[in-house]
Amino acid sequence: ETLARLSKQEEDFARKYLDLVVAHQKEVIVDKLPRIFRKLAEKSDGLDMVQTPCLDEFVYFHVEEDVGQVVVHERTGATVDLHTGDIVATRYEPVRGLVATGQIALI
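I will try to describe carefully the structure that is included in this document. (Residues numbered from 1 in each chain as written. Predicted model: local features only at pLDDT ≥ 70, side-chain atom pairs only at ≥ 80, totals over all residues. Heavy atoms only, no water.)

Counted by the stated rule, this structure contains one aromatic pair. For the pair F13 and Y17, a centre-to-centre distance of 6.3 Å together with 15° between the ring planes defines the contact as stacked. Of this pair, F13 and Y17 are both found in helix α1 (residues 8–28), four residues apart, which corresponds to roughly one turn of the helix. (Phe/Tyr/Trp six-rings, centres within 6.5 Å; stacked < 30°, edge-to-face > 60°. Helix = DSSP H or I, 4+ residues; strand = E, 2+ residues; numbered from the N terminus.)

Quick look at the structure:
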């Protein structure tokens, strides 16, 4: 959508600029890493390069918009009301979808 608003010259400039930024970052960052860390693969030589969040860890978050009642513990049915401006701590798993939609922000 944003590219559609650019002229042909602006689009060409933006693409060349991005290529330069990527090349620069590769040269000053990636090329300095040990070889086993240079590729973004889930597993490389037994090392996990892409860490997944621990869903059972507690996180603190700020409620960006009213959400209402959210079940935070499936087994007990415990719930919490989430209202704009609240700061709450709970396990990550029950609220990860709200993080993805921007309704809450991790702090």
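With that out of the way, let us pick up the sheet that holds strand β6 (residues 87–91). Pairing within the open sheet is antiparallel, and its three strands lie in the order β6-β3-β7. The open sheet terminates on both sides in strands that have one partner only, identified here as β6 and β7 (104–106). Looking at each pair of strands side by side, their axes are set apart by 40° on average, direction ignored. (Pairing = 2+ DSSP bridges. Axes fitted to C-alpha atoms, helices over the stretch in contact; angles between N-to-C directions.)

With that settled, consider the pattern of salt bridges. Applying the stated criterion across every chain yields a total of five salt bridges. With a shortest N-O distance of 3.0 Å, K8 and D12 are connected by a salt bridge. Here K8 and its partner D12 are both found in helix α1, four residues apart, which amounts to about one turn of the helix. Looking at D12, the relative accessible area reads 30%, which means it is partly exposed. (Salt bridge = Lys/Arg side-chain N within 4 Å of Asp/Glu carboxyl O. Buried < 20%, exposed > 50% of the residue type's maximum accessible area, 1.4 Å probe, protein only.)

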